Amino acid sequence: MTASLSSLLWAFWYILPAYVANGSPVLLGGGLPIDGGRNWRDGRRILGDGKTWRGFFGGLACGTLTGLVQYFLTPDFYGNLKTAALLAFLLALGALLGDLIGSFLKRRANLPRGAPAIGLDQLGFLIAALALAYPVKTLSSGQIIFLLVVSPFIHWGANYFAYRMGWKSVPW
Ligand code: CTP
Ligand code: MG
Ligand code: K
């Protein structure tokens, strides 16, 4: 399990569509919530107002588009355009589904929309993205461990930035 600097940078490059899909709904989201305002059988919201259709499909589009740009910058990393597009689509879809699962679990734990859930908030999207993209292209175990360790800090940094920019009301 050796990890050179360049292999760690490639890990970032690989996961970028998932980061974009997870972050872009902050700006693109709003409107109709995915759960339609409905409650689960515990009487609490299924997902909550923080998970919207616009955020979901906006994130999916931005994440997939990121992969197309990446292909034109580093075609050899992907082999062909179809692989790059499919990989980015699956990373983005995984990130968004992982985020929905996280919100579902938070609501079941009686945490209101926007409440922090350390671990789940920073890693749920990442683990789901890695899982969905696995059949197309994957990373070494060293690269995956690296992403699991650094992603929470990137997540916190990005959220703090979005808070300071006035895009979101809490810094987490
Ligand atoms: N967002 C969205 N649709 C999504 C995901 C996110 O519209 N599918 C937007 C919402 O405006 C949300 C913001 O992005 O408030 C930040 O996302 P996140 O932190 O995941 O949502 P929270 O508001 O914290 O809600 P939850 O407690 O359910 O995680
Ligand atoms: Mg949040
Ligand atoms: K989240």
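Up top you'll find the structure we're talking about.
Report follows, based on the coordinates. (Residues numbered from 1 in each chain as written. Chains lettered and ligands numbered in written order. Predicted model: local features only at pLDDT ≥ 70, side-chain atom pairs only at ≥ 80, totals over all residues. Heavy atoms only, no water.)

Before going further, it helps to examine the site of ligand 1. Neighbouring ligand 1 are 16 residues, the closest being Lys 51, Thr 52, Ser 103, Arg 107 and Arg 113. Residue Arg 107 places a side-chain N or O atom 2.7 Å away from an oxygen atom belonging to ligand 1. Between ligand 1 and Arg 113 there is a distance of 2.7 Å, counted from an oxygen atom to a side-chain nitrogen or oxygen. The protein chains hide 85% of the 570 Å² of surface that ligand 1 would expose on its own. A majority-of-atoms criterion places ligand 1 in the largest pocket. Those elements that place two or more of their residues in the shell around ligand 1 are helix H2 (25–28), helix H3 (53–73) and helix H5 (81–108). Considering each element in turn, the shell around ligand 1 owes the most residues, four residues, to H5. (Near = heavy atom within 4 Å. Polar contact = N/O pair within 3.5 Å; in protein donor to acceptor, adjacent residues only side chain to side chain. Areas by Shrake-Rupley, 256 points an atom, 1.4 Å probe, with all protein chains shown as cover. 1 Å grid on protein atoms, 1.4 Å probe; cavity = no way out; pocket = protein on both sides within 12 Å on 5 of 7 lines; lining within 4 Å. Sits in = over half its atoms within 2 Å of the grid points. Helix = DSSP H or I, 4+ residues; strand = E, 2+ residues; numbered from the N terminus.)

What follows is about the packing of H5 against helix H6 (residues 120–133). Contact geometry of H5 with H6 gives a least axis separation of 7 Å together with a crossing angle of 140°. By the criterion of interaxial angle, the relationship of H5 to H6 is oblique. Crossing of H5 against H6: the hand is right-handed. Contact residues: H5 offers Leu 87, Leu 90, Leu 91, Leu 93, Gly 94, Ala 95, Leu 97, Gly 98, Asp 99, Gly 102, Leu 105 and Lys 106, while H6 offers Leu 120, Asp 121, Gly 124, Phe 125, Ala 128, Ala 129, Leu 132 and Ala 133. Counted by class, the contact of H5 with H6 contains 13 nonpolar, four polar and three charged residues. (Axes fitted to C-alpha atoms, helices over the stretch in contact; angles between N-to-C directions. Parallel < 35°, antiparallel > 145°, perpendicular 65-115°, else oblique. Left-handed = near helix turned anticlockwise from the far one by under 90°. Contact = heavy atoms within 4.5 Å. Nonpolar A, V, L, I, M, F, W, Y, C, P; charged D, E, K, R; others polar.)

What the largest pocket holds in volume is close to 1100 Å³. Along its surface, the largest pocket is lined by 44 residues, and Asn 22, Val 26, Lys 51, Asn 159 and Lys 168 are the ones closest to its centre. Elements supplying a minimum of two residues to the lining of the largest pocket: helix H1 (5–23), H2, H3, H5, H6 and helix H7 (141–164). For the lining of the largest pocket, the element with the most residues is H5, which contributes eight residues. Taken together, the residues of the lining of the largest pocket sort by class into 20 nonpolar, 16 polar and eight charged. (Points joined across faces, edges and corners; volume = space filled by probe spheres on them.)

Here the focus is H3. When the terminal C-alpha atoms of H3 are compared, their 30 Å separation across 21 residues agrees well with the 30 Å that a helix rising 1.5 Å per residue should span. For H3, the full list of buried residues reads Gly 55, Phe 56, Gly 58, Gly 59, Leu 60, Gly 63, Thr 64, Thr 66, Gly 67, Gln 70 and Tyr 71. Buried positions along H3 lie against H1, H2, helix H4 (75–78) and H5. (Expected span 1.5 Å × (residues − 1). Buried < 20%, exposed > 50% of the residue type's maximum accessible area, 1.4 Å probe, protein only.)

By the definition in use, this model includes 11 aromatic pairs. On the basis of an interplanar angle of 10° and a centroid distance of 4.5 Å, the ring pair of Trp 10 and Phe 77 is categorised as stacked. Within this pair, whereas Trp 10 is found in helix H1, its partner Phe 77 is found in helix H4, the two being separated by 67 residues in sequence. With a centroid separation of 6.0 Å and an interplanar angle of 15°, the aromatic rings of Trp 53 and Phe 57 are classed as stacked. Taken as a pair, Trp 53 and Phe 57 lie in helix H3 at a separation of four residues, close to a single helical turn. Residue classification places Trp 53 among the partly exposed residues on the basis of a relative accessible area of 37%. Assessed through its relative accessible area of 47%, Phe 57 is described here as partly exposed. Put simply, the rings of Trp 10, Phe 77 and Tyr 78 pair up and form one aromatic cluster. Positioned above the aromatic ring of Phe 104 is the side chain of Arg 108, whose terminal nitrogen or guanidinium carbon lies 4.8 Å from the ring centre. (Phe/Tyr/Trp six-rings, centres within 6.5 Å; stacked < 30°, edge-to-face > 60°. Lys NZ or Arg CZ within 6 Å of the ring centre and 35° of its normal.)

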